[in-house]
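# A closer look at the structure
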Amino acid sequence: MSDLLQAATMVFTWEVMLIILAASLFGLFMGAIPGLTATMATALLVPVTFFMEPLPAIAAIVSATAMAIVAGDIPGALLRIPGTPASAVYTEEAYAMGKQGKVGLALGLNVTCSMIGGVIGVLILAFFAPRIAEFAIQFTSDEYFWLALLGLSCAILVSGSDPLKGGISMLAGLVIAMVGMDSVSGQMRFTFGNYDLLAGISILPVLIGLFAISELIRRMPETRNTAPLVPPVIKRPFEGVGAALWKYKGGVVRGGALGTVIGALPGAGADIASWISYAVSRKLSRTPEKFGKGHPEGLVSASSANNASLSGAYIPALVFGIPGDTVTAIIIGVLMTKGITPGPDVFVDQAPLVNAIFMVFVLANLLLLPLGFMAIRGARHILSIPTGILFPLILMFCIVGAFAANNAMFDIWIMLGIGLVGFFMAENDFPVGPMILAVILGPIVESNFMRSILKSNGDLTAFVDRPIAMVLAIAAVAVWTMIIVNGVKAGRRVPQTPASKLPQDA
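Residues numbered from 1 in each chain as written. Predicted model: local features only at pLDDT ≥ 70, side-chain atom pairs only at ≥ 80, totals over all residues. Heavy atoms only, no water.

As annotated in an unreviewed UniProt entry, the protein chain carries the name Tripartite tricarboxylate transporter permease and comes from Cobetia marina.

Set out below in structure tokens:
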């Protein structure tokens, strides 16, 4: 009880409450602009959080992410353009409802179900995370090695239909993580004689470049068109929401629970949670033929799942220090810059901070209703900002944020270089998730591997001589088996060109 009271005194201060409100408004703005994702909003907040205490920094990111996911539903319903990837699955559904004159109902359901799903996710997070931490406190370097390796493996497994591209993305992230001095031997690696690379590549310029700069480059042609979009007028928002929620209450609860579980899988994220929840709802529905034609059933389940997954992603992040998605990867980077290493010890050494994070989650989700209503009302003004004005402002924030990490111009060049890499990956359908997870998890895998090797005098059987380590090792091998099998199947599906149709040499 004393920890809860101390957590409440940490959260309910004018500074933290003001930051939650400001970050929520920022997230609403970023999510409502098509193409500016929740991850991009989080990356842009990183330089601001650099000057904050741990709790306000986490509060800003949690609030902005939750609001951005919800705000991404607005352009999808009004313009058929999803604001964030998590909103893409039910864009057709919401837009079809809008054509039926129910755009207010569609957006009202989006906001309300997101709030409910978020609260469900927080309750599951608050109940299970401490209990998992009590179990995880028994882990040694052997278990952490397999767990981090399992996180990288799962990131490839859920990265898309092409595991090979997921693996290449992961290897690129591992290369970035290896730059600098070896944590055990002190040997310099991949520095090419550059003094700026001795300390390695900072995580903040990598995050900003990979998510913000790459997106700006990809959308650069849009800046030539200065004509603003003209969305329709929204009449009577939230009308009929109560009746629809009661009718599809099972889907809302199922989406919240399913989204939390999927969010806890490393690399999954809100977009995968939305797609799976939508597919499950369609499979279990009594009227699956109505899906895609303006049917609220799939919309409520997917909306609940995407926000619930945000809470679920914090389970592996807080308990094991393994990011559940790209946003929690950023959170881990921010906490590490402030001297806090996520893991089971945090629940003992920083119990008030953990409880305060749970409270911030609840507040951020409860704010979805009033601020979501305000966003729906002001959507016409937000969506009317020309991209030729908006994108240069975002670029300016990116440059300032990359420089603020270490007060070094070199980090700006790193940000721009990584941005070009991210653009190339996006254009060629390489998933970004495995790369950023590798940047975070690579040092964890390496350091724990070397620690286990040193304490066992090179005996590799020491990695599986404990029951928990053995189970995790079997899980990792099983995941890699699935990756290889999926890769072989994908290769067989590639159509082969008959030899008779190949071009002949002259």
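### What about the packing of helix H3 (residues 38–49) against helix H16 (residues 326–337)?
Heads up, the condition is: As a rule, the C-alpha atoms of each element are fitted with a line to give its axis, helices using only the stretch in contact, and angles between N-to-C directions run from 0 to 180 degrees. Strands are runs of DSSP state E lasting at least two residues, helices are runs of H or I lasting at least four, and both sets are numbered from the N terminus onward. Working rule for angles: under 35 degrees goes down as roughly parallel, over 145 as roughly antiparallel, 65 to 115 as roughly perpendicular, anything else as oblique. Whether two residues are in contact is decided by their heavy atoms, any of which lying within 4.5 Å being enough. Only Asp, Glu, Lys and Arg are considered charged, only Ala, Val, Leu, Ile, Met, Phe, Trp, Tyr, Cys and Pro nonpolar, and every remaining residue, Gly among them, polar.
Relative orientation of the contacting elements H3 and H16 amounts to 10°, with a least axis distance of 10 Å. Taken together, the axis directions place H3 and H16 in an arrangement best described as roughly parallel. Residues Thr 39, Thr 42, Ala 43, Val 46 and Thr 49 of H3 pack against Thr 326, Val 327, Ile 330 and Val 334 of H16. Along the lines of polarity and charge, the residues of the contact of H3 with H16 split into 5 nonpolar, 4 polar and no charged.

### Some points on helix H23 (residues 433–455)
For clarity, the threshold we go by: Helix span is expected to be 1.5 Å times the residue number reduced by one. The angle between axes fitted to the seven-residue stretch ending at a residue and the seven-residue stretch beginning at it gives the bend at that residue.
Between its terminal C-alpha atoms H23 stretches 33 Å, which fits the 33 Å expected from 23 residues at 1.5 Å a residue. The sharpest bend along H23 comes to roughly 40°, located at Leu 441, with the proline Pro 443 sitting one to four residues further on. Asn 457 occupies a position one or two residues after H23 and carries a positive phi of about 55°.

### Quick word on a nonpolar patch on the surface
Let me state the cut-off plainly: In this analysis, a patch consists of residues with relative accessible area above 30% that form no salt bridge, clustered at 9 Å for like charges and at 5 Å for the nonpolar side chains Val, Leu, Ile, Met, Phe, Trp and Tyr. Only the protein chains shown count as covering a residue, and every accessible area follows the Shrake-Rupley method with a 1.4 Å probe. Salt bridges, as used here, are contacts in which a Lys or Arg side-chain nitrogen is within 4 Å of a carboxyl oxygen on Asp or Glu.
A grouping of Trp 14, Leu 18, Leu 21, Leu 25 and Met 374 is seen on the molecular surface, where their side chains present a nonpolar patch of about 540 Å² in accessible area. If one sorts the elements of the nonpolar patch by residue count, helix H2 (residues 14–32) sits on top with 4 residues. Here Leu 25 is to be found in helix H2.

### Considerations on the pattern of salt bridges
Note the threshold: Exposure categories follow from relative accessible area, calculated using a 1.4 Å probe and restricted to protein chains: below 20% of the type maximum is buried, above 50% is exposed, and the middle band is partly exposed.
Applying the stated criterion to the full structure yields 3 salt bridges. Of the charged contacts in the structure, one is a salt bridge between Glu 143 and Arg 466, with a shortest N-O distance of 2.6 Å. Linking Glu 143 in helix H8 (residues 141–157) with Arg 466 in the loop between H23 and helix H24 (467–493), this pair joins segments that are 323 residues apart in sequence. Taking relative accessible area as the criterion, Glu 143 reaches 0% and is therefore assigned buried. The salt bridge partner of Arg 189 is Glu 446, with a shortest N-O separation of 2.6 Å. Highlighted residues: Arg 189 in strand E2 (residues 188–189) and Glu 446 in helix H23, separated in sequence by 257 residues. Here Glu 446 falls in the partly exposed class, since its relative accessible area comes to 21%.

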